[in-house]
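Architecture at a glance
Below are the chains, spelled out letter by letter.
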Amino acid sequence: MSTRALFREDAYLTRCEATIAAVDEQGIHLDQSVFYPLGGGQAGDAGTLTLADGTRIDIADTRKAKFEGATPDDAVHVPAPGQEALLARLAQGERVAAEIDWARRYRHMRLHTASHLMCAVLPYPVDGCSITTDYARLDFATVEPIERDFVEERLRELVGAAHAVHTEWITDDEMAGRPELVRTMSVKPPMGLGRVRLLRIENVDLQPCGGTHVRNTGEIGELRVAKLEKKSARTRRLVLEFA
Ligand SMILES: [Zn+2]
């Protein structure tokens, strides 16, 4: 029932053909998918699955599948409510065209890459991170004051400098030997597949990440600090939104 995670190699892939592996109370399992399952702080994808006869199933969210022996790549496509009759008709082995809501995903990609830039802007450990369609929320473990103008200015420079973004792979063993690469205390590196994916922003940042990213920081566009607050005695919360 394992899913081939096509977004891992190409985050710009918006559709693919797939075969239904199973339908259960979690949702629809496919043999391969372009849908990103909620994880690493990044929201899951929405979109549609279209059957051979043209029938469309609306997918509201994508989650990591739960079953004995599931890997971090195994995903389940969660149908929007009210499609029960349609779901009951689905058969294992049926072919579908899976297509993500690209406008939504592209916002996730831009905000996710921006949150990696934030690790270069503010050199503090991240102890919470949430990337949604409308904002990226980051909790920094620090007692130092954070200046809104400084953050916006540094981000503008990093976006404007159009740094290339790409992925590299290292083995689980190499990852275990390089703990300094981990910036986010609350998100464990995506280990368990034998290799770990690193996201490199040329000359800016390098850290393990299984999420989807833009190819160049220039694609992020203009951002503003929508919120900056003291979350606890040792944590500063920062929310980025599109300007
Ligand atoms: Zn990431």
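Owing to the predicted nature of the structure, the values given are computational and were not obtained by experimental measurement. (Residues numbered from 1 in each chain as written. Predicted model: local features only at pLDDT ≥ 70, side-chain atom pairs only at ≥ 80, totals over all residues. Heavy atoms only, no water.)

1. Brief notes about the packing of aromatic side chains
- The final tally for this structure, using the stated rule, is three aromatic pairs.
- Judged by centre distance (5.2 Å) and plane angle (75°), the ring pair of F7 and Y36 falls under edge-to-face. Linking F7 in the loop between strand 1 (4-5) and strand 2 (15-24) with Y36 in the loop between strand 4 (32-33) and strand 5 (47-51), this pair joins segments that are 29 residues apart in sequence.
- Relative accessible area serves as the criterion here: at 3%, F7 is assigned to the buried category.
- With 5.2 Å between their ring centres and 25° between their planes, W102 and Y106 make a pair best called stacked. Of this pair, W102 and Y106 are both found in helix 2 (residues 102-121), four residues apart, which corresponds to roughly one turn of the helix. (Phe/Tyr/Trp six-rings, centres within 6.5 Å; stacked < 30°, edge-to-face > 60°. Helix = DSSP H or I, 4+ residues; strand = E, 2+ residues; numbered from the N terminus. Buried < 20%, exposed > 50% of the residue type's maximum accessible area, 1.4 Å probe, protein only.)

2. Looking at the domain arrangement of the protein
- The domain boundaries assigned to the protein delineate domain 1 (14-100) and domain 2 (104-242).
- One C-alpha centre belongs to domain 1, the other to domain 2; they are set 28 Å apart.
- If you look at the interface, domain 1 gives 15 residues, while domain 2 gives 14 residues.
- Buried area between domain 1 and domain 2, summed over both chains or domains, comes out near 1100 Å², and the portion from carbon and sulfur atoms is 52%.
- For the pair domain 1 and domain 2, the number of links is one salt bridge.
- For the salt bridge of D45 with R105, the shortest nitrogen-to-oxygen distance reads 2.8 Å. (Domains from an automatic or database assignment. Contact = heavy atoms within 4.5 Å. Buried area = accessible area lost by both parts, 1.4 Å probe. Salt bridge = Lys/Arg side-chain N within 4 Å of Asp/Glu carboxyl O.)

3. Digging into helix 2
- The end-to-end C-alpha separation of helix 2 is 28 Å, in line with the 28 Å expected for 20 residues at 1.5 Å each.
- Within helix 2, 14 of the 20 residues are buried, which leaves the element mostly enclosed by the surrounding structure.
- Backbone nitrogen of A103 and a side-chain oxygen of the N-cap are separated by 3.3 Å at the start of helix 2; the cap is D101. (Expected span 1.5 Å × (residues − 1). Polar contact = N/O pair within 3.5 Å; in protein donor to acceptor, adjacent residues only side chain to side chain.)

4. Regarding the sheet that holds strand 12 (residues 195-201)
- Taken in spatial order, the three strands of this open sheet run 11-12-13, and their pairing is antiparallel. Here the strands that pair on one side only, and so sit at the sheet edges, are strand 11 (165-171) and strand 13 (205-208). When the angles between neighbouring strand axes are averaged without regard to direction, this sheet yields 25°.
- Sheet analysis places strand 12 next to strand 13, joined by four bridges and oriented antiparallel. Across the sheet, I201 pairs through a bridge with D205, a residue of strand 13. (Pairing = 2+ DSSP bridges. Axes fitted to C-alpha atoms, helices over the stretch in contact; angles between N-to-C directions.)

5. Quick notes on the coordination of the zinc ion
- For the zinc ion, the protein coordination sphere consists of H112 (NE2), H116 (NE2) and C209 (SG), at 2.1 to 2.3 Å.
- Look at where the donors of the zinc ion fall in the sequence and you get H-x3-H-x92-C. Here C209 lies in the loop between strand 13 and strand 14 (223-232) and H116 lies in helix 2, a separation of 93 residues in the sequence.
- Exposure remark for H116: the relative accessible area of 5% places this residue in the buried category.
- Under the relative-accessibility criterion, C209 is labelled buried at 7%. (Donors = N, O, S within 2.8 Å, 3.2 Å for Na, K, Ca; no water.)

6. Quick look at the sheet that holds strand 9 (residues 126-131)
- The four strands lie next to each other as 9-10-15-14, forming an open sheet whose pairing is antiparallel. A strand with exactly one partner marks an edge of an open sheet, and here the two such strands are strand 9 and strand 14. Neighbouring strand axes in the sheet, compared pairwise and without regard to direction, differ in orientation by 15° on average.
- Sheet strands in contact with helix 2 are strand 9, strand 10 (135-141), strand 14 and strand 15 (235-242), and its direction is about 140° off that of strand 15.
- Against the sheet, helix 3 (residues 148-160) makes contact with strand 14 and strand 15, and its axis sits at roughly 135° relative to strand 14, the strand it touches most.

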